[in-house]
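# Examination of the molecular architecture
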Amino acid sequence: MPESSVVVRPEPMESATYTQSSRLQAAGLEPAIALLERAAAEVPLPAPPQPIAIADYGAATGHNSLKPISAAIDVLRGRTRHDHAILVAHTDVPDNDFTALFQTLGEDPDSYVHRDTASFASAIGRSFYLQLLPSKTINLGWTSWAVQWLSRAPVEIHDHVQVAYSDDAKARAAYAQQAAADWQDFLAFRGRELCPGGRLVVLTMAIGDDGEFGYRPLNDALMAGLGTLVREGLVHRDELLRMAIPAVARSEKDFRAPFAPRGQFEGLTIDHLDVFNAEDRFWHRYQSDGDADAFGAQWAAFARAALFPTLAAALDGGPGDPRSAEFIEQLEAAIAEQLSTAPEPMQIPLASLVVAKQES
């Protein structure tokens, strides 16, 4: 992939909102952490003084990195002396809110920097569709809710903001092609960076055997809200046509494609692959308390943090458009109202993978 490629994965407009709503993204986290702990118990470790190196790909504000990285370090400490340095490299695109990331690492009581004084945090502001770290230096890798974001939006989608719900066959094909190329690039560069015997654990969006992308009620509410904003004149029709969420969920076949036909790619093999439906925590809470307004508000806040920055960028003035704040507020309110009026659970298809670098 050329150096000029830009990851368009949205970054938070409001870090506190993003961190709060990203708690939904803890869905599927526990089983993935168990995979990371097992990987930490198996990877070869360098002898001191060379540090043990962990890479966190797509860190965002760091909220979903704390538990997994801390869990991995706990396992590693059972295998090495307490003063053996551990270097953690958190990576994300250049316009990520790295201030919020370091505040999370420094202030959150669950942060590994408080739990382990020989662990050191660093950050890299560059797309993970490029090589980020020296070859053969990473012992353990982690990424959650990140590789579904494409390096670029390949074409416009004129009938929906999410290509999975588009009837445009050409757009769907272009997005599938981009997703395949990005997944191959992501794996190829991790194949360079991992040490022999190193492991990478991936948690990401998926498509199950039923072919469902998921989040159907949320996507319906999102399109209804955007339609309302167009009818009310806040958003122009041509702006709506430019809006697209460059995220693609992959099937098991898609995940395995680069490894065909021999099960290997760039020195990597798949040690584990599971596609499953995660729990909708907001729905679970609604079943307990019956608070439909809270259910709608929680899903709307998630959409605001995860999706709205990309949609607002399509306004004529870009992210700095004078209407941006009103656009965000009104769209969030519209989604919350629709979802609270008729609450229903979201299907959340996810995949967990463990990719291993062959021993030399």
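Quick caveat: nothing in here was measured; it's all calculated off a predicted structure.

Within the chain one finds 13 helices and seven strands. Against the 2.2 N^0.38 benchmark of 21 Å for 360 residues, the chain shows a C-alpha radius of gyration of 20 Å, consistent with a compact globule. By its C-alpha atoms, the chain is 65 × 45 × 40 Å across when sized along the principal axes. Burial statistics for the chain: of 360 residues in total, 56% are counted as buried.

In this model helix α2 (residues 29-42) runs 20 Å from its N-terminal to its C-terminal C-alpha over 14 residues, within 8% of the 20 Å that 1.5 Å per residue would give. Those residues of α2 not exposed but buried are L29, A32, I33, L35, L36, A39 and A40. Here the buried residues of α2 occupy an arc of 155° about the axis, which is enough to place them on one side. Buried-residue contacts for α2 involve α3 (66-77), β4 (138-144), β5 (194-205), β6 (268-278) and β7 (348-357).

What follows deals with the sheet that holds β6. The strand order across the open sheet formed by seven strands is β3-β2-β1-β4-β5-β7-β6, and the pairing between neighbours is mixed. The strands lining the two open edges of the sheet, one partner per strand, are β3 (119-125) and β6. Shown here is a sheet whose adjacent strand axes are inclined to one another by a mean of 15°, direction ignored. With ten bridges joining them, β6 and β7 adopt antiparallel strand pairing. Bridge pairing links I270 to V355 in β7. The strands that helix α4 (residues 98-107) touches are β2 (86-92) and β3; relative to β3, the one it contacts most, it runs at about 170°.

Let us look at the packing of helix α10 (residues 281-289) against helix α11 (residues 292-306). Where α10 meets α11, the axes come as close as 9 Å, and the angle between the chain directions of the two elements is 170°. Classed by the angle they form, the pair α10 and α11 counts as roughly antiparallel. Packed against α10, whose contacting residues are F282, W283, R285 and Y286, the element α11 presents A292, F295, Q298, W299 and F302 at the interface. Across the contact of α10 with α11, the residue classes tally to seven nonpolar, one polar and one charged.

Our focus in this paragraph is the pattern of salt bridges. Overall, the coordinates contain 15 salt bridges when judged by the stated rule. Among the salt bridges present, the one from D83 reaches R81, with a minimum N-O distance of 2.7 Å. Relative accessible area serves as the criterion here: at 43%, D83 is assigned to the partly exposed category. Where R304 meets E332, a salt bridge forms, and the shortest distance between an N and an O atom there is 2.6 Å. Of this pair, R304 sits in helix α11 while E332 sits in helix α13 (residues 324-341); the two residues are 28 residues apart in sequence, bridging distant segments of the chain. In this pair, the class of R304 matches that of E332, namely buried. By sharing partners, the salt bridges in this structure join E42, R199 and D271 into a single network.

Turning our eyes to something else, we now look at the confidence of the model for the chain. Residues at a pLDDT of 70 or more form 92% of the chain, whose mean pLDDT is 92. Confidence drops under pLDDT 50 across residues 1-21; counting only partners more than four residues distant or on other chains, this segment forms 60 contacts.

Looking at where F295 falls in the secondary structure, it is placed in helix α11. Separated by 146 residues in the primary sequence, F295 and W149 place their C-alpha atoms 26 Å from one another. Beyond its immediate sequence surroundings of up to four residues, F295 is in contact with D280, F282, W283, Y286, L339, P343 and E344.

This part covers the packing of aromatic side chains. On inspection of all chains with the given rule, the structure shows 14 aromatic pairs. An angle of 85° between the planes, with centres 6.0 Å apart, marks the rings of Y165 and F213 as edge-to-face. Of the two residues, Y165 is situated in the loop between β4 and α6 (169-193) and F213 in the loop between β5 and α7 (216-231); the sequence distance between them amounts to 48 residues. Comparing Y165 with F213 shows no difference in burial state: the two are buried. For the cation-ring pair, R190 lies above F186, with the distance from its terminal atom to the ring centre recorded as 4.9 Å.

Calculation notes
- Residues numbered from 1 in each chain as written.
- Predicted model: local features only at pLDDT ≥ 70, side-chain atom pairs only at ≥ 80, totals over all residues.
- Heavy atoms only, no water.
- Helix = DSSP H or I, 4+ residues; strand = E, 2+ residues; numbered from the N terminus.
- Rg over C-alpha atoms; globule rule 2.2 N^0.38 Å.
- Buried < 20%, exposed > 50% of the residue type's maximum accessible area, 1.4 Å probe, protein only.
- Expected span 1.5 Å × (residues − 1).
- Arc of directions from axis to C-beta.
- Contact = heavy atoms within 4.5 Å.
- Pairing = 2+ DSSP bridges.
- Axes fitted to C-alpha atoms, helices over the stretch in contact; angles between N-to-C directions.
- Parallel < 35°, antiparallel > 145°, perpendicular 65-115°, else oblique.
- Nonpolar A, V, L, I, M, F, W, Y, C, P; charged D, E, K, R; others polar.
- Salt bridge = Lys/Arg side-chain N within 4 Å of Asp/Glu carboxyl O.
- pLDDT = per-residue confidence, 0-100.
- Phe/Tyr/Trp six-rings, centres within 6.5 Å; stacked < 30°, edge-to-face > 60°.
- Lys NZ or Arg CZ within 6 Å of the ring centre and 35° of its normal.

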